[in-house]
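# Observations on the three-dimensional arrangement
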Amino acid sequence: MEADELEYVGFWARFGASLIDTVLIGIVIWPLLTAFYGDAYWDGEGIVKGPMDVLLSWVFPMVAVIVFWVAKQATPGKMAVSARIVDAKTGAAPSTGQFIGRYLGYFLAGLPLGLGIFWVAFDGRKQGWHDKLAGTVVVRQRNRKPRPVTFNESR
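Residues numbered from 1 in each chain as written. Predicted model: local features only at pLDDT ≥ 70, side-chain atom pairs only at ≥ 80, totals over all residues. Heavy atoms only, no water.

### Observations regarding the packing of helix α3 (residues 51–72) against helix α5 (residues 96–110)
Cut-off, in case you're wondering: A fitted line through C-alpha atoms serves as each axis, taken over the contacting stretch for helices, and the angle formed by two N-to-C directions is quoted from 0 to 180°. Counting from the N terminus, the helices are DSSP H or I runs at least four residues long and the strands are E runs at least two residues long. An angle counts as roughly parallel when it lies under 35 degrees, as roughly antiparallel when it exceeds 145, as roughly perpendicular when it falls between 65 and 115, and as oblique in every other case. Put simply, a crossing is left-handed when the front helix is turned counterclockwise from the back one by less than a right angle, and right-handed when it is turned clockwise. By definition, residues are in contact when any of their heavy atoms lie within 4.5 Å. Ten residues, namely Ala, Val, Leu, Ile, Met, Phe, Trp, Tyr, Cys and Pro, are considered nonpolar, four, namely Asp, Glu, Lys and Arg, are considered charged, and the remaining ones, Gly among them, are considered polar.
Closest axis-to-axis distance for the α3/α5 pair is 10 Å, and the angle between their directions is 135 degrees. Considering the angle they form, α3 stands oblique to α5. Between α3 and α5 the crossing geometry is right-handed. Here α3 contributes W58, P61, M62, V65, I66, W69 and V70 to the contact with α5, which in turn contributes T96, F99, I100, R102, Y103, Y106 and F107. When grouped by side-chain class, the residues that make up the contact of α3 with α5 number 12 nonpolar, one polar and one charged.

Here it is as structure tokens:
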């Protein structure tokens, strides 16, 4: 697809995609955490409950997201809003290293009260700090209008 057929994906579409991804990851992880730690998992204090908590809450989401990015250039949430991640210079698929850097960049972008994530709303290319660090942009096809409705008059 040519650059003039694409548009940068803004904050609200990306926020919606993130919500979809969070719900999908939760559907997988939350029952497993309950199975391993029981209902007390949700009542207890502390950030990490044990090794399975680290694997399920931190490692699995990281691996799942990066695998989706490498395979599809998008997570299910980004696919739902017709978005994909591309290299900011070439428009081609980013390298695996860029994807890993982009994921780790989320932590830096979230540190100052999420400023690096909200940056998407104000940046000309709709890049968050994680995108800038990894050299990526999030794009989708411009003018994704649905087909007009037509009716056949033959009975």
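Having seen the structure, we can now continue with the description.
### Notes on the pattern of salt bridges
Definition in use: In what follows, salt bridge is the name for a side-chain nitrogen of Lys or Arg lying within 4 Å of a carboxyl oxygen of Asp or Glu. Buried residues are those whose accessible area, probed at 1.4 Å on protein chains only, stays under 20% of the maximum for their type, while exposed residues exceed 50% and partly exposed ones sit between those limits.
Counting across every chain of the model gives four salt bridges. Of the charged contacts in the structure, one is a salt bridge between E7 and R140, with a shortest N-O distance of 3.2 Å. With E7 in strand β1 (residues 6–8) and R140 in strand β3 (residues 136–141), this residue pair connects regions lying 133 residues apart in the sequence. When its relative accessible area of 25% is taken as the criterion, E7 is described as partly exposed. Note that D131 and R14 form a salt bridge whose closest N and O atoms lie 2.6 Å from each other. Separated by 117 residues along the polypeptide, D131 in helix α7 (residues 129–134) and R14 in helix α1 (residues 11–37) bring together distant segments of the chain.

Distances and angles like these do not, on their own, reveal function.
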